[in-house]
Amino acid sequence: MPPSRREFLIVAGLTAVGMVCPSLTRILHAKTAVTASGIVTAVDGMTPALRAKRWAMAVVPGKCPSDCRACIDACHLTHNVPDFGNPKDEIQWIGLQPFERIFPGQTYPEMPEASKKRMLPILCNHCDNPPCVRVCPTQATFKRADGIVMMDYHRCIGCRFCMAACPYGARSMNWRDPRPFIRKINDDYPTRTRGVVEKCTFCEERLRKGMLPACVVACEEKALLFGDIDDPRSEIRRLLDKERPIRRRAELGTKPQAYYIL
Amino acid sequence: MLEKALTGNRQYGLWVAALLALAGLGFFFYLRQLDYGLGLTGMSRDVSWGLYVAQFTFLVGIAASAVMLVLPYYLHDYKAFGKITILGEFLAVAAVIMCVTFIFVDLGQPSRVMNVLLHPSPTSILFWDMIVLNGYLLINIVTGWTVLQCDRKGIPPPAWVKPLIYLSIPWAISIHTVTAFIYAGLPGRGFWLTAIMAPRFLASAFASGPALLILFCLVLKRFTGFDAGRKAIGAMATIVTYALATSIFFVLVEIFTVFYSQVPEHVEHYRFLFAGLHGYDTIAHWMTVSALCALAALLLLIYPETRQKDPLLAMACIGVFLSLWIEKGLGLIVTGFVPSPLEKVTRYAPTGPEIAITLGVWAVGFLIITILYKIFISVRRDVDTV
Amino acid sequence: MKLYDRGKIVAGILIFVIAVTFPFWYGTGKSVSPPQLDLDTPAIQQLADKRCVEDTAFMRANHMKLLATWRDDVVRDGKRYYTAKDGRVFEMGLTGSCLKCHSNKDRFCDRCHDYAGVKPNCWNCHIVPGEVK
């Protein structure tokens, strides 16, 4: 009996799917013909990477001169962060905010205006329990073993769930093509493309080459201290043990690793 | 059966043409957005989700509301809904397609969307949302289409349809719960960090969805002569009434918690929502309209007499739909971002292209509903004239 | 089974076959020479041992996979060095390694990519020295 129109269509559809399927499985099982070596810590002529169990940043805002933006300029220059000139599209990896905005719980009406309005550097806290990593549907943002919350700009689909999840306003989205708005290109670091979210990565590309983060190096007053908080002998650990640091919105359980010594 | 959507009277043709034009316009602006970036919208560093995500949130509720027809009919043999469960399932299909499309147009890198499946992330609610939404779409397309086909042939549906329909009942609850979890699990957003988010979503879904269905039934009666039946419409209206009352109650409960405990982090958002902050009170004006519509609709719907009169019922349903669309489609998302984690009040207003794209997606949804309902009506006509 | 609308169906099939085989018959008689890759850059001139990371045949077939592996190794695994098949060690990086020697992207990379109609989007982010400002 000749096939009905429905049967013909079903068989045709299945045939089409069947013809496509092998190529799909081929893509899924494609083995790379390449393997990369393991971690080599030192090669002739190359500086060894900086390593830590747990990277952290200590901020001593008392040392910041007023109107100083050295850390911001260094970071944004090094990493080709664009300047769109408007707050809507703004991208910021490190910035300055008044104390009353960063620590509203510690602000009270009788506090002197100068204290309320004192500018403090803020950046990604590279939390130990980061909500942004939890919500990312592609693991484009992920936590490294050394504590850095990293960004994979190749994988980011630009859904901005991480921006909603971050309690600190540390993340920025590329709402448009950033390239025309980069004042001075640094050839040694890529730009990003429109449609992905970006943020501070504790200069992991510099740590890899044995250098401290750009903001830390740029600060002449040594208001930013970076190191391994897990190492009892590190400078940052000794400083934090001596002082009484506070962290932003610590009660949320994110375990932020940017410590403020006020 | 699809060919039934290709024939129709002049009104049908004009309606479809208008929807296609709107969809085409939306598509044109989407191409511009692909070229320029999402900066073409009104979103900013502080308000990073806007109209698209808000529409998605609202429409998941509409999609879930199919369960309000399916549950009484299939679990409790409520015969009055027998004719119209398919209408609910088809509405779910159109709504879910709209949801998925809104997410898609909101992505900064849409070509990478398959990364969500290539790199599964079980800790991410968005991952689960993709799974449950697409599963729900599949269930409803398959069951709705199969049942309609069997109606057309005058045979009972095959045995596997019923378990699938039973599955759609908890699945419908899950899609809206998962969507609520997108918001309710974020520690930094005090406005959303409340357990009642999922119950609120469900209550407003079961009010706005059936309200829309009632409106569709009234339109179908007016333009095609298909009568869902007094009993079915009446039952749906009752559902809308109770769901609306529950939804209003949930909002009031939230208001109490926030304003009695007076924790600034929570108070500020609600102050913005209902009164405005720092001179930015656009959302507050919308919310006033929403509240008035909700109360007016509730007053109308409480009286059984008004529920029986089509014009009053239609007005009440429009009021319910509008009120909840404003609350979920505008108020909920933007307020989560205002004030920002750094206490800033950043204004958000959708741009022209953003609105055009949004209308385009709504047009696509209405097109799908039109096509599916046209098929339904044609099949019913064939069956009834036999 | 009767073939209804035979005229329309045959005409449709004919149009389809013509359209689908377009790439094959459109180019008959014309010849496009394969791309000539220009290896004449200052960096390459200065190399004593003019070898790439891997040999030419391998790179021609696999440079995309190599770069994809490097991408994940560097970004996701925090690795820095790649050991080639012959034991030489290189720092992984498109701009940082590949383009240091192949600094003439428009006469090297683009030649094959344009010929093959491939548009890799690496260049959206990865900088070609001298190309941007």
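Nothing here was measured: the structure is a model prediction, and the numbers come from that model.

Cut-offs and rules
Residues numbered from 1 in each chain as written. Chains lettered and ligands numbered in written order. Predicted model: local features only at pLDDT ≥ 70, side-chain atom pairs only at ≥ 80, totals over all residues. Heavy atoms only, no water. Helix = DSSP H or I, 4+ residues; strand = E, 2+ residues; numbered from the N terminus. Rg over C-alpha atoms; globule rule 2.2 N^0.38 Å. Buried < 20%, exposed > 50% of the residue type's maximum accessible area, 1.4 Å probe, protein only. Contact = heavy atoms within 4.5 Å. Patch = residues over 30% accessible without salt bridge, like charges linked within 9 Å, V, L, I, M, F, W, Y side chains within 5 Å. Areas by Shrake-Rupley, 256 points an atom, 1.4 Å probe, with all protein chains shown as cover. Salt bridge = Lys/Arg side-chain N within 4 Å of Asp/Glu carboxyl O. Domains from an automatic or database assignment. Buried area = accessible area lost by both parts, 1.4 Å probe. Polar contact = N/O pair within 3.5 Å; in protein donor to acceptor, adjacent residues only side chain to side chain. Nonpolar A, V, L, I, M, F, W, Y, C, P; charged D, E, K, R; others polar. pLDDT = per-residue confidence, 0-100. Axes fitted to C-alpha atoms, helices over the stretch in contact; angles between N-to-C directions. Parallel < 35°, antiparallel > 145°, perpendicular 65-115°, else oblique. Left-handed = near helix turned anticlockwise from the far one by under 90°. Pairing = 2+ DSSP bridges.

**Let's talk about the overall build of chain A**
Part 1 of the argument: A tally of helices and strands in chain A yields nine helices and nine strands.
Part 2 of the argument: Relative to the globule expectation of 18 Å for 262 residues, the C-alpha radius of gyration of chain A, 24 Å, shows a markedly less compact shape.
Part 3 of the argument: Counting all 262 residues of chain A, 50% fall into the buried class.
Part 4 of the argument: Counting only contacts in chain A whose residues sit at least 6 apart along the sequence, the fraction spanning at least 24 positions is 63%.

**Comments concerning a nonpolar patch on the surface**
All names here are of chain C.
Part 1 of the argument: Among the surface-exposed residues, Leu-3, Ile-9, Ile-13, Phe-16, Val-17 and Val-20 lie close enough to one another that they form a single nonpolar patch of about 550 Å² accessible area.
Part 2 of the argument: Structurally, the position occupied by Leu-3 is in the segment before helix 1 (6–20).
Part 3 of the argument: Judged by relative accessible area, which is 49%, Leu-3 ranks as partly exposed.

**Let's talk about the domain arrangement of chain A**
Part 1 of the argument: Annotation of chain A at the domain level lists domain 1 (5–42) and domain 2 (55–260).
Part 2 of the argument: Taking only C-alpha atoms into account, the centre of domain 1 of chain A sits 40 Å from that of domain 2 of chain A.

**Brief notes about the interface of chain C and chain A**
Part 1 of the argument: At the interface, 30 residues of chain C touch 41 residues of chain A.
Part 2 of the argument: Where chain C abuts chain A, roughly 3,100 Å² becomes buried across the two surfaces, and 58% of that area is made up of carbon and sulfur atoms.
Part 3 of the argument: Looking only at chain C, the three residues that lose the most surface to chain A are Arg-76, Arg-80 and Tyr-81 of chain C, adding up to 23% of its buried area.
Part 4 of the argument: In this structure, the salt-bridge partner of Arg-76 of chain C is Asp-152 of chain A, at a minimum N-O distance of 2.8 Å.
Part 5 of the argument: The tally of links from chain C across to chain A stands at nine residue pairs in polar contact (both at pLDDT 80 or more).
Part 6 of the argument: With nine residues, the top contributor of residues to the side of chain C that touches chain A is helix 4 (residues 56–75) of chain C.
Part 7 of the argument: Of the residues contributing to the side of chain C that touches chain A, the split by class is 13 nonpolar, eight polar and nine charged.

**Points about the confidence of the model for chain B**
Part 1 of the argument: Looking at chain B as a whole, its pLDDT mean stands at 94, while 100% of the residues score no less than 70.
Part 2 of the argument: Two numbers describe this predicted complex: its pTM, 0.91, and its ipTM, 0.93.

**Observations concerning the packing of helix 10 (residues 264–274) of chain B against helix 13 (residues 310–337) of chain B**
All names here are of chain B.
Part 1 of the argument: Helix 13 packs onto helix 10 with a crossing angle of 135° between their chain directions and a minimal axis gap of 9 Å. Considering the angle they form, helix 10 stands oblique to helix 13. In the packing of helix 10 onto helix 13, the handedness of the crossing is right-handed. Touching His-269, Phe-272 and Leu-273 of helix 10 are Gly-331, Val-334, Thr-335 and Gly-336, all from helix 13.
Part 2 of the argument: Among the residues making up the contact of helix 10 with helix 13, the classes are represented as three nonpolar, four polar and no charged.

**Digging into the pairing of strand 1 (residues 55–59) of chain A**
All names here are of chain A.
Part 1 of the argument: In terms of burial, strand 1 is largely enclosed, as five of its five residues are buried.
Part 2 of the argument: Across the two faces of strand 1 the burial is the same, with Trp-55, Met-57 and Val-59 and Ala-56 and Ala-58 all buried.
Part 3 of the argument: In the sheet, strand 1 pairs with strand 8 (residues 224–228) via five bridges, with the strands oriented antiparallel. Counterpart to Met-57 in the pairing with strand 8 is Phe-226.
Part 4 of the argument: When strand 1 meets strand 9 (residues 258–260), the two strands line up parallel, connected through three bridges. Within the sheet, the bridge partner assigned to Val-59 lies in strand 9 and is Tyr-260.

**Some thoughts on the environment of Gln-92 of chain A**
Part 1 of the argument: You can see Gln-92 of chain A is positioned in the loop between helix 2 (70–78) and strand 2 (94–98).
Part 2 of the argument: Along the primary structure Gln-92 of chain A and Pro-121 of chain A are separated by 29 residues, whereas in three dimensions their C-alpha atoms are 11 Å apart.
Part 3 of the argument: If near-sequence neighbours (up to four positions away) are discounted, Gln-92 of chain A is found in contact with His-76, Ala-170 and Ser-172 of chain A together with Arg-45 of chain B.
Part 4 of the argument: Looking at Gln-92 of chain A, its side chain comes within polar contact range of the side chain of Glu-90 of chain A, at 3.5 Å.

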